[in-house]
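Commentary on secondary and tertiary structure
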Amino acid sequence: MKSTKINIVVSGDICVNVHQWRTRHKSTSGFNWQYFPQLHHDMKSGTALLLAKLVALSTGASIHSPKIQDMGQSLPPEILRSTLELDLFPVTNNEKNNSKVYRIAQFLGFTGPASGAPTLLPIIDDDVNAGMVILDDNNDGFNSHEEYWPLALKSPDASPIVIYKTNNPTSSNPIWKRIENFHMDNTIVVIYGDDLRAKGVNISKGLSWEKTALDFVWQINNNPNLAFLANSRHLIVPLGLEGAIYYRNDGIAAESRLFFMTNEFEGSFIKESQGKMYGLSSCFVAGLAHSIVSGMQVQEELSKSIEEGIREGIVAAQKYYNYGFGENIEESDFPNPLIFVEGESDFIYKEHIQDVPIRNSNNPKCRACWYIIKDKSSTGLSEIAYDIVKNGEKSALKFIPIAKFGNLITVDRTEIEGYRSIKNLILEYISAKSIVRPLSIAVFGTPGSGKSFGVTEVASSIAPNLIQKLNFNLSQLQSLSDLIAAFHKVRDLSLEGKLPLVFFDEFDSAFNGNLGWLKYFLAPMQDGVFREGDSLHPLGKAIFVFAGGTSSTFTEFCGETLHDEAEYKQFFKQFQSAKGPDFVSRLRGYVNILGPNQTDEHWDHLFVIRRAMLLRSLLERKTPHLINESRQAQIDDGVLRALLKAPRYKHESRSMEAILDMSRLSNAKKWEQSHLPSKEQLKLHVDEEQFSRHLMQDAFFSEKIEQLAMDLHNKCVLPTQDTDNPNLSCMQPWDELNEECKISARNLVKHIPNALRKINYDVVSVKEKPAAIEFTDRELQILAEYEHKRWSLEKKEAGWKYCDILNEQKKSHPLLIPWDNLSATSQNKIINNIKYWPEILTNSNFAIERLKSLCFCETQF
């Protein structure tokens, strides 16, 4: 985009980057020096100088900024210089792409004045009427030297849009006070998440997008050190190259929005093997500036331009990193002008970046159950689960954060955070040189939940050629000598140069008493040695994974689920005598594997998604012939409903796999109900009665629609007739109704399940007549509005129109108006009719149950 209307002033701290790199001489003339590496160097603009170049590239606007005419050896010593060693690195992390570019291999240090602050430079042709001012504050003197500030910032009559990029958030520096007093309404503050963390702000990194976002909101609301930033009208906190938080405060209320890449997490884009780059934050700001300039030209609301600018900034920063300094530093353009040009073969587009409002609550329970997957979907979790099985994760979860560890894919925030914590521990352990004792991790979950699989995939995704797995089931060991033999196998593997990943399954099983094995692990865990007779043997580096067999969660293992004080005291006494606290103190992390069953009816509401992902993976792996060319699974809706809604699998994932194995699918083109095993066989893995009722629910409900429609109609017929009733001829007894009225009554009943999902209820077929529930006033209001809207659409599609007088022959009706325009009498009649729904459903053995995929907060109407 070219702009000649908006002048932009860019200023800030000044630094020149000195590059050094080595090459091999191509000549073979035989001079001795040519057989040694050749050392090269050049100088490039940094900080505000680089930012000005990037903004010029992104906006095409007229840029007024400091300049250094001759970037040569004649630079005065007062100019701050940064010296960097460059090397060739892979363009991407894709092993198939052999292309390389120069990036930073090592930062060698700064060269500055012997005393005093580094030299700052004046703005060339400064413009007091500039439409935008961009400031690069690296805390190297610019923020306290007013004589170098832009005129538009100092003039009392100017009101430019200000982008203030800083790495040192403080309310005490003079430039912030100037902004706060005169330019706050038009200022966008940009500060990276890592810079906030460096100042002691506790914001998690790389565990899950939800946790990082919620940590930020809590800090901005409660941390007194961030009070000055909380008053910002616009605050952007980029999170690596993969996301950002946009905090907006209009002086009345504040709101935050998370921008994120679904297949990345903070810090994941840049790998250690790919080198580093300076200027990433400047490139982000240049992309942001482009969007704001575009918005200024069409008078777009600033917040809308900022939201688009965040996307442009993330895209630009990633492309800037990939281009690096080019394949040939002396011949390649830097910065590469293609950074801000969208190409057909780009690896990233603005559309890849999703956004979602961040839940703003100081209630830790409410914050704990916030999941992006729920906010990013207009349908419920059940519908998402159906979509996952039918169409696969790629299609169903296109806009949802996904974590991949080897062959393990998960969208459950709790699992993502647990697995990433374990991954971080293993990465740190591998890179540490001086640690000799094992890294000890505990894994809990019910049998069949996939404890071993999850951790194995995480470890293998880190170092598949280094890590080698060993398995020992402690419940099968007969004596201490068996454990010593296991330790010897670990030691042998370590001596071979491998990193043993050692699973001690059922470590919490009994051995000469409750938790009898624990005390024998204390010395190996703490000191990295094990005793055999009078000899001590070093284990070497290893990863110990203790998989629980009797406890499904870490809190259960520690007795924290016991609420009776006397019972807990008794437990803790036994736990202490078994060295339980000593064992726990040596653990460096743990993860609870959730599996396909719901672990907590209040907080675990993504179990249906876990089931769906497991079922889809089983279908792809075991029955690929049931996946058609469009990647759609051929499975009967009733079978799918039963598999997803079964209250409990007796043996977790093993049961789901067993049902698939027991079904006759070898030559099937679709998984029909007739392919399922018998009820007696199903009984091994699920409650066969409940499974069958979910299986046949459509048939049960369809079979009873006539009876339900008749019962509801007879309940709703009133002794008086007036024009507030939907149709006068429909106010007759059921046997005297015309077919049109009966069809309308049946349609109402058919839509009851959909209506109930609007208030987070499901209709479930049960064996015995259940108790009828009562809707709350809020629930009745939601249902009534939904039913009136449904009825109005049905009438309009049948040719009815609004008229203030009811006329059945002309198909005109006075109630074909929005809900809010109905009289109180009409609204109350609709509400009263809905009050009969629970009664007529229970009479036909249908229960109205809360959706199990709801968190505790969503059940509090």
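Up top you'll find the structure we're talking about.
Note that the coordinates shown come from a computational prediction; the quantities given were computed from them, not determined experimentally.

Per the secondary structure count, the protein includes 31 helices and 26 strands. Expressed along its principal axes, the backbone C-alpha trace of the protein runs to roughly 105 × 90 × 60 Å. In the protein, which comprises 861 residues, the share counted as buried stands at 52%. Within the protein, counting contacts between residues at least 6 apart in sequence, those at least 24 apart form 72% of the total. Here the protein has roughly 40,400 Å² of accessible surface; of this, 48% comes from carbon and sulfur atoms. Here the protein contributes 94 positive and 106 negative side-chain charges, whose respective centroids are spaced 3 Å apart.

With that settled, the discussion passes to the sheet that holds strand β18 (residues 499-505). Strand order in this open sheet of five strands is β17-β18-β21-β16-β22, and the pairing throughout is parallel. Looking at which strands have only one partner, the edges of the open sheet turn out to be β17 (467-473) and β22 (589-592). Taken pair by pair, the neighbouring strands of this sheet meet at an average axis angle of 20 degrees, ignoring direction. In terms of strand pairing, strand β16 (residues 439-444) meets β22 through four bridges, oriented parallel. Its bridge partner lying in β22, Ile441 is registered against Gly589. Contacting β17, β18 and β21 (543-547), helix α15 (residues 480-495) crosses the sheet at an angle of about 175 degrees to β17.

This paragraph deals with helix α14 (residues 451-462). Here α14 is twelve residues long and its end C-alpha atoms lie 18 Å apart, about the 16 Å a rise of 1.5 Å per residue gives. Regarding α14, the residues found buried are Lys451, Gly454, Val455, Thr456, Glu457, Val458, Ala459 and Ile462.

Right, let's get into empty space enclosed by the protein. In the structure shown here, the tally under the stated rule is four cavities of 30 Å³ or more. Quantified by volume, the largest cavity comes out at close to 50 Å³. In terms of lining residues, the largest cavity is bounded by Ser208, Trp209, Glu210, Thr262, Glu264, Pro401, Ile402, Ala403, Ile416 and Arg420. Every element with two or more residues in the lining of the largest cavity is listed here: α5 (209-222) and α13 (413-431).

Before going further, it helps to examine the packing of α13 against α14. Where α13 contacts α14, the two axes come as close as 10 Å, and the packing angle between them is 45 degrees. Comparing the axis directions of α13 and α14 gives the class oblique. In this structure, α13 crosses over α14, and the sense of that crossing is right-handed. On the side of α13, the interface is formed by Tyr419, Ile422, Lys423, Ile426, Leu427 and Ile430, while α14 contributes Gly454, Val455, Val458, Ala459, Ser461 and Ile462. The residue makeup of the contact of α13 with α14, split by class, is nine nonpolar, two polar and one charged.

Attention shifts here to the pairing of β18. Summarising burial for β18: six of the seven residues are buried, a large majority. Summarising the sheet, β17 and β18 pair through seven bridges and their orientation is parallel. Bridge pairing in β18 places Asn473 opposite Asp505. Handedness of the β17-α15-β18 crossover: right-handed. Where β18 lies against β21, five bridges are found, and the strand directions are parallel. Looking across to β21, one finds that Phe504 is bridged to Phe546.

Here the focus is the packing of aromatic side chains. Scanning all chains against the criterion turns up 41 aromatic pairs. Between the aromatic rings of Phe507 and Phe583, the centroid separation amounts to 5.3 Å while the plane-to-plane angle is 20 degrees, which identifies the pairing as stacked. In this pair, Phe507 is assigned in the loop between β18 and α16 (522-527) and Phe583 in helix α19 (residues 580-585), connecting sequence segments 76 residues apart. For the pair Phe507 and Phe583, one class covers both residues: buried. Note on Phe557 and Phe575: the rings are 5.4 Å apart at their centroids and 85 degrees apart in plane angle, and the pair reads as edge-to-face. With Phe557 in helix α17 (residues 554-557) and Phe575 in helix α18 (residues 565-577), this pair connects stretches of sequence that are 18 residues apart.

Looking now at the packing of helix α7 (residues 280-297) against helix α8 (residues 302-323). Put simply, α7 and α8 touch, their axes get as near as 7 Å, and they point 145 degrees apart. Viewed along their axes, α7 and α8 form a crossing whose handedness is right-handed. A class-by-class count of the residues in the contact of α7 with α8 yields 13 nonpolar, seven polar and two charged.

A word on the pairing of strand β20 (residues 535-538). In the sheet, strand β19 (residues 529-532) pairs with β20 via four bridges, with the strands oriented antiparallel. Bridge pairing in β20 places Val529 opposite Pro538. The antiparallel pairing of β19 with β20 creates a hairpin that spans two residues between the two strands, and Gly533 there sits at a positive phi of about 65 degrees.

Let's shift gears to the pattern of salt bridges. On inspection of all chains with the given rule, the structure shows 30 salt bridges. Taking the shortest distance from any N to any O, the salt bridge between Lys165 and Asp136 comes out at 2.9 Å. With Lys165 in strand β8 (residues 161-166) and Asp136 in strand β7 (residues 132-137), this residue pair connects regions lying 29 residues apart in the sequence. Like Lys165, the residue Asp136 is buried in the burial classification. When the shortest N-O distance is used, the salt bridge between Arg197 and Asp194 registers 2.8 Å. Highlighted residues: Arg197 and Asp194, both in helix α4 (residues 193-198), separated by three residues, approximately one helical turn. When its relative accessible area of 39% is taken as the criterion, Asp194 is described as partly exposed.

How each quantity is defined
One numbering rule holds for all chains: residues counted from 1, following each sequence as written. Local features in this predicted model are restricted to residues whose pLDDT is 70 or higher, and side-chain atom pairs enter the listing and the counts only when it is 80 or higher, whereas totals over whole chains, interfaces and linings include all residues. The side-chain quantities take in all heavy atoms of the structure and omit both hydrogens and water. A helix here means a DSSP run of H or I that spans at least four residues, while a strand means a run of E at least two residues long, and both kinds are numbered starting from the N terminus. Remark: exposure states derive from per-residue accessible area (1.4 Å probe, protein chains only) relative to the maximum for the residue type, with buried under 20%, exposed over 50%, and partly exposed in between. Contact criterion: two residues are considered in contact whenever any of their non-hydrogen atoms come within 4.5 Å of each other. Each accessible area is a Shrake-Rupley estimate made with a 1.4 Å probe; only the visible protein chains count as cover when residues are assessed. Asp and Glu count as negative and Lys and Arg as positive, but His and the ends of the chain are not part of the count. A charge is said to be at NZ when it belongs to Lys, at CZ for Arg, at CG for Asp and at CD for Glu. In this scheme, strands are said to pair when DSSP sees at least two bridges between them. The angle between two axes is taken between their N-to-C directions and runs from 0 to 180 degrees, where each axis is a line fitted to C-alpha atoms and a helix contributes only its stretch in contact. One fewer than the residue count of a helix, multiplied by 1.5 Å, yields its expected span. A 1.4 Å probe that fits into a set of points on a 1 Å grid over the protein atoms alone but cannot get out defines a cavity; an open set with protein on both sides within 12 Å along at least five of seven lines defines a pocket, and lining residues are those with an atom within 4 Å of a point. Grid points are joined across faces, edges and corners, and a volume is the space filled by probe spheres set on the points. By definition in this entry, angles of less than 35 degrees are roughly parallel, angles greater than 145 are roughly antiparallel, angles of 65 to 115 are roughly perpendicular, and the rest are oblique. Each helix crossing is assigned a hand: it is left-handed if the near helix lies turned anticlockwise from the far helix by less than a right angle, otherwise right-handed if that turn is clockwise. Polarity classes work like this: nonpolar for Ala, Val, Leu, Ile, Met, Phe, Trp, Tyr, Cys and Pro, charged for Asp, Glu, Lys and Arg, and polar for all others, with Gly in that last group. Crossovers are described as right-handed under a simple rule: with the strands pointing away from the observer, the path leading from the first strand over the helix to the second runs clockwise. What counts as a ring pair is set by centres within 6.5 Å for rings of Phe, Tyr and Trp (its six-membered ring), and what kind of pair is set by the plane angle: stacked under 30 degrees, edge-to-face over 60, tilted for all other angles. The salt bridge definition used is simple: a Lys or Arg side-chain nitrogen within 4 Å of an Asp or Glu carboxyl oxygen.

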